[in-house]
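Spelled out, the chains give:
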Amino acid sequence: MRAIVAGNWKMNGTLAETRSLLAALAPEIETAEANGVDVVVIPPFTALETASATLRSAGSRIHLGAQDLHWEPKGAFTGEISVGMLRELGCSFVLVGHSERRAHFGEGGAVLLAKLEAAIRGGLTPILCVGEKLEEREAGRTEGVLDDQLDETLFALAPRDIAGVVVAYEPVWAIGTGRTATPQQAEEAHRHIRHRIAGRFGEEEGARSRILYGGSVTSANAAELLRRPGVDGALVGGASLKAAEFAGIVRLATQGGT
């Protein structure tokens, strides 16, 4: 199974910063593709065209992703962007259901399912983010929260579409806080998600599903996380804005966390 290391830049990255970061990053991880790791960068919408051009001119195999999409192909949706627009810019991945979209923009349920379906229908690979809040973990509700989030999104898809979705387990309490789930906590959550997928769609589908860990991932903690069974890569936040740091995480992924 190919690992994935994806860097979510969030609302960071001017055009000049985009060129500089990718120029530094591309040669650092040029062997990752050959070593079984898909590397994805996910800049803000305004930097996608520049990022795409920079990667093409460098001959880089780094994949380009978007931070969100609308479920309709076009129309009166001010401020939104469609799957066709993202494909035209060179995107092959897109985030769906990041906790910041859920918390700040009220996204959930039917909206996220519609976005998943639009991404798949339009030829993008969605990275579906799921995860619990701190109070939910402390109340022993982690698995229940994950179940609810999977039920209303991934498990509402047609069975033929499941293989086209990457899942990212991102405990909300670990995103941008400097706190990271322990390797054991990450492994337990990944095992639960995989077990649920297998129970719904069969053991083969469960085994081949790619599940990433996200939440304050750095080159200092990535090794322990990536070597855990069932952890198929990382969704990286702040560390993806530093070329050397992100490249270090990618190198660890190519080595299976060792």
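Residues numbered from 1 in each chain as written. Predicted model: local features only at pLDDT ≥ 70, side-chain atom pairs only at ≥ 80, totals over all residues. Heavy atoms only, no water.

1. Remarks on the packing of helix α1 (residues 15-28) against helix α2 (residues 48-57)
Packed helix pairs are specified by the crossing angle of their axes together with the interaxial distance, meaning the distance between the axes. Close contact between α1 and α2 brings their axes to 9 Å; oriented N to C, the two are set at 30°. Taken together, the axis directions place α1 and α2 in an arrangement best described as roughly parallel. Relative to α2, the crossing made by α1 is right-handed. Here α1 contributes Leu-15, Thr-18, Arg-19, Leu-22 and Ala-23 to the contact with α2, which in turn contributes Thr-50, Ala-51, Thr-54 and Leu-55. (Axes fitted to C-alpha atoms, helices over the stretch in contact; angles between N-to-C directions. Helix = DSSP H or I, 4+ residues; strand = E, 2+ residues; numbered from the N terminus. Parallel < 35°, antiparallel > 145°, perpendicular 65-115°, else oblique. Left-handed = near helix turned anticlockwise from the far one by under 90°. Contact = heavy atoms within 4.5 Å.)

2. Here's the deal with the environment of Leu-89
Assignment of secondary structure puts Leu-89 in the loop between α3 (83-88) and β4 (93-96). Put simply, Leu-89 and Ala-53 are 36 residues apart on the chain and 9.0 Å apart in space, counted from C-alpha to C-alpha. Setting aside anything within four residues of it in sequence, one finds Leu-89 in contact with Leu-48, Glu-49, Ser-52 and Leu-64.

3. Section: the sheet that holds strand β2 (residues 37-42)
Read around the closed barrel, the eight strands follow the order β1-β2-β3-β4-β5-β6-β7-β8; overall the barrel is parallel. Within the sheet, the average angular offset between the axes of one strand and its neighbour, ignoring direction, is 25°. Across four bridges, strand β1 (residues 3-8) lies against strand β8 (residues 233-236) in parallel orientation. The residue of β8 that forms the bridge with Val-5 is Ala-234. The sheet contacts of helix α8 (residues 183-201) involve β5 (125-130), β6 (166-169) and β7 (211-214), and relative to β7 the element is tilted by about 150°. (Pairing = 2+ DSSP bridges.)

4. Focus on the pattern of salt bridges
Evaluation of the coordinates by the stated rule reveals 18 salt bridges. Arg-228 is the partner of Glu-187 in a salt bridge, and the nearest nitrogen-oxygen pair spans 2.8 Å. Separated by 41 residues along the polypeptide, Glu-187 in helix α8 and Arg-228 in the loop between α10 (222-226) and β8 bring together distant segments of the chain. What makes Glu-187 buried here is its relative accessible area of 16%. Accessibility expressed as a relative area gives 27% for Arg-228, which makes it partly exposed. Via salt bridges that share partners, Asp-68, Arg-101, Glu-107 and Lys-115 belong to a single interconnected network. (Salt bridge = Lys/Arg side-chain N within 4 Å of Asp/Glu carboxyl O. Buried < 20%, exposed > 50% of the residue type's maximum accessible area, 1.4 Å probe, protein only.)

5. Quick word on the side chain of Ser-240
Along the polypeptide, Ser-240 turns up in the loop between β8 and α11 (243-254). Within the structure, the side chain of Ser-240 is placed 2.6 Å from the backbone oxygen of Gly-237, a separation counted as a polar contact. Setting aside residues up to four positions removed in sequence, Ser-240 forms contacts with Gly-7, Asn-8, Trp-9, Leu-21 and Phe-246. (Polar contact = N/O pair within 3.5 Å; in protein donor to acceptor, adjacent residues only side chain to side chain.)

6. Examining α2
Among the residues of α2, those classed as buried are Leu-48, Thr-50, Ala-51, Ser-52, Thr-54 and Leu-55. Contacts from the buried residues of α2 go to α1, β2, β3 (63-66) and α3. Directly beyond the C-terminal end of α2, a positive phi value near 65° is found at Gly-59.

7. Topic: unusual backbone geometry
One can expect most non-glycine residues to show negative phi and most peptide bonds to be in trans. Positive phi, normally seen in glycine, also occurs at Lys-10, with a value near 55°. Note that Lys-10 resides in the loop between β1 and α1. Of note in the backbone geometry, Ser-216 takes a positive phi value of approximately 55° without being a glycine. If you trace the backbone, Ser-216 turns up in the loop between β7 and α10.

8. Observations regarding the packing of aromatic side chains
Scanning the entire structure with this criterion turns up two aromatic pairs. Aromatic pair Tyr-169 and Tyr-213: ring centres 6.2 Å apart, planes at 55°, arrangement tilted. Of this pair, Tyr-169 sits in strand β6 while Tyr-213 sits in strand β7, and the two are 44 residues apart along the sequence. A relative accessible area of 0% places Tyr-169 in the buried class. (Phe/Tyr/Trp six-rings, centres within 6.5 Å; stacked < 30°, edge-to-face > 60°.)

9. Things to note about helix α5 (residues 109-121)
Residues that lie three or four places apart on an α-helix share one face, since the helix turns once every 3.6 residues. Its 13 residues give α5 an end-to-end C-alpha distance of 18 Å, which sits within 8% of 18 Å, the value for a rise of 1.5 Å per residue. Of all the residues in α5, the buried ones are Gly-109, Leu-112, Leu-113, Ala-114, Lys-115, Leu-116, Ala-118 and Ala-119. Looking at the packing, one finds that the buried side of α5 touches α3, β4, α4 (99-105) and β5. A positive backbone phi angle near 90° is found at Gly-123, which sits one or two residues after α5. (Expected span 1.5 Å × (residues − 1).)

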